[in-house]
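The primary structure of each chain is shown beneath.
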Amino acid sequence: MPKRIFYVSVMAAHTTDLDIRAIVSASTIWNRRQDITGLLLATRTHFAQVLEGRAEAIAAVMERIRSDDRHRSIEILVDVDAAKRQFGRWAMAYLRRDDCSQALEQMHMARDPAQAQAFMSLLEALSIDLASEP
Ligand SMILES: Cc1cc2nc3c(=O)[nH]c(=O)nc-3n(C[C@H](O)[C@H](O)[C@H](O)COP(=O)(O)O)c2cc1C
């Protein structure tokens, strides 16, 4: 059964916009090979990411993500079986939304799965305007 994971992490102070671009391009290449889809949201202070794919592929990519020092304090808020993908159009969609900073900080502290699920639905709606990858 495919899985969906959603986490929020704290961006490292040294992380630059160039770093984020590098993360998105490396992720797109790796994720496509592993049949992983998802979305990365960045604010000035936090990351949030949805990852969808086979359980083994998700476990492997989470290893890569955990070992990256451009963020810390990864809180997995949703970890569910997901027969249908919500972000199937992208190996890694990217949204920069500084106005979500407080929402992510609050979710990171509250660790409320229901709130996180609702936020993921909001991300799905926001991502409708993103162009599909070729
Ligand atoms: C917030 C964040 C999200 C990331 N998402 C992914 C991802 O979806 N897929 C992936 O393969 N790596 C992801 N990474 C990890 C890095 O992109 C990857 O480890 C880095 O590019 C180094 O890869 P390399 O060791 O192959 O050079 C993420 C890292 C961060 C900080």
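Residues numbered from 1 in each chain as written. Predicted model: local features only at pLDDT ≥ 70, side-chain atom pairs only at ≥ 80, totals over all residues.

A. Quick look at the pairing of strand 2 (residues 37–42). Strand 2 sits mainly inside the fold: six of its six residues count as buried. Residues of strand 2 alternate between two faces, with T37, L39 and L41 on one and G38, L40 and A42 on the opposite face, all of them buried. Adjacent in sequence and paired antiparallel, strand 2 and strand 3 (residues 46–53) are bridged by three residues. Bridge analysis of strand 2 against strand 5 (residues 93–96) gives four bridges, and the strand direction is parallel. Across the sheet, residue L40 finds its bridge partner in strand 5, namely Y94. (Buried ≥ 20, exposed ≤ 12 C-beta atoms within 10 Å, placed from the backbone. Helix = DSSP H or I, 4+ residues; strand = E, 2+ residues; numbered from the N terminus. Pairing = 2+ DSSP bridges.)

B. Spatial organisation of the nonpolar core. In terms of nonpolar packing, the biggest core is built from 28 residues, with L39 and L41 touching the most fellow members. Those elements giving two or more residues to this core turn out to be strand 1 (3–11), strand 2, strand 3, helix 2 (55–66), helix 3 (101–110) and helix 4 (113–126). Looking at this core element by element, the count peaks at five residues for strand 1. Ignoring anything within four residues of it in the chain, the contact list for L39 reads Q49, V50, F87, W90, A93, L95, L123 and S127. (Core = buried A, V, L, I, M, F, W, Y, C linked by C-beta atoms within 7 Å. Contact = placed C-beta atoms within 7 Å.)

C. Main features of helix 1 (residues 17–33). In this model helix 1 runs 25 Å from its N-terminal to its C-terminal C-alpha over 17 residues, within 8% of the 24 Å that 1.5 Å per residue would give. Those residues of helix 1 that are buried are in contact with strand 2 and helix 2. D35 sits one or two positions beyond helix 1 and adopts a positive phi of about 55 degrees. (Expected span 1.5 Å × (residues − 1).)

D. Fine view of the site of the ligand. Taken together, 15 residues lie near the ligand, and A26, S27, W30, F47 and D68 sit nearest. Those elements that provide at least two residues to the shell around the ligand are helix 1, strand 3 and helix 2. Looking at which element gives the most residues to the shell around the ligand, the answer is helix 1, with five residues. Of the residues that constitute the shell around the ligand, the class distribution is eight nonpolar, four polar and three charged. (Near = placed C-beta within 6 Å. Nonpolar A, V, L, I, M, F, W, Y, C, P; charged D, E, K, R; others polar.)

E. Structural view of the environment of P2. Tracing the backbone shows P2 in the segment before strand 1. What makes P2 partly exposed here is the crowd of 18 C-beta atoms within 10 Å. With 100 residues separating them in the primary sequence, P2 and Q102 have C-alpha atoms 31 Å apart.

Treat this as a map of the structure, not an account of what it does.
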